[in-house]
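Each chain, letter by letter, is given below.
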Amino acid sequence: MFRKFAIAAVTVATVATAAVTMTSNEAQAGNRRGGAIAAGAIIGLAAGAIIASQAQPRYHAPVRCHNQPVRRWNPYYRQYVVVGYRQVCY
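Thresholds applied
Residues numbered from 1 in each chain as written. Predicted model: local features only at pLDDT ≥ 70, side-chain atom pairs only at ≥ 80, totals over all residues. Heavy atoms only, no water. Phe/Tyr/Trp six-rings, centres within 6.5 Å; stacked < 30°, edge-to-face > 60°. Buried < 20%, exposed > 50% of the residue type's maximum accessible area, 1.4 Å probe, protein only. Helix = DSSP H or I, 4+ residues; strand = E, 2+ residues; numbered from the N terminus. Contact = heavy atoms within 4.5 Å. Disulfide = S-S within 2.5 Å. Pairing = 2+ DSSP bridges.

Caption draft 1: The arrangement of the packing of aromatic side chains in detail. Within this structure, the stated rule accounts for 2 aromatic pairs. Ring centres of tryptophan 73 and tyrosine 80 lie 5.3 Å apart, and the angle between their planes is 75°; on these two criteria the pair is classed as edge-to-face. For tryptophan 73, a relative accessible area of 49% corresponds to the partly exposed category. Tyrosine 80 sits in the exposed class, given a relative accessible area of 57%. For the pair tyrosine 76 and tyrosine 77, a centre-to-centre distance of 5.2 Å together with 80° between the ring planes defines the contact as edge-to-face.

Structure, rendered in structure tokens:
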């Protein structure tokens, strides 16, 4: 679990820094807005990776099935007789 989280965090940080790159001229000009956007992107993507890695799979109850007899009245025998089965699941 921790290994998945670490791999996801490193991947997200790498993609975020690679997506928002600045040239040396922009960096020397004091372009602080680009750095703030890059930092926000990195923090947001890392938070998203943390939340996504903590998600738990939904619980599905096991399906229980059995064959239930289908009974019909038989006037010849004057009692209910089994004429078939149907599968009932719950």
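Caption draft 2: Seen up close, the environment of glutamine 87. Here glutamine 87 is to be found in strand 2 (residues 79–89). A sequence separation of 19 residues divides glutamine 87 from glutamine 68, and the C-alpha atoms of the two residues are 6.1 Å apart.

Caption draft 3: Molecular detail of the environment of tryptophan 73. Along the chain, tryptophan 73 falls in strand 1 (residues 65–74). Look past the residues within four positions of tryptophan 73 in its chain and what remains in contact with it is Arg78, Gln79 and Tyr80.

Caption draft 4: Spotlight on the state of the cysteines. Counted under the stated rule, the structure contains 1 disulfide. Shown here is the disulfide that connects cysteine 65 with cysteine 89, its sulfur atoms set 2.0 Å apart. Because the torsion about its S-S bond is 110°, the bridge between cysteine 65 and cysteine 89 counts as right-handed. In this pair, cysteine 65 is assigned in strand 1 and cysteine 89 in strand 2, connecting sequence segments 24 residues apart. On the basis of relative accessibility, which here comes to 37%, the residue cysteine 65 falls in the partly exposed class. Residue cysteine 89 is classed as partly exposed on the basis of its relative accessible area of 42%.

Caption draft 5: Spotlight on the pairing of strand 1. Summarising the sheet, strand 1 and strand 2 pair through 10 bridges and their orientation is antiparallel. Pairing of proline 69 across the sheet is with tyrosine 85, part of strand 2. The loop that links strand 1 with its antiparallel partner strand 2 comprises 4 residues; one of these, arginine 78, has a positive phi angle of about 55°.

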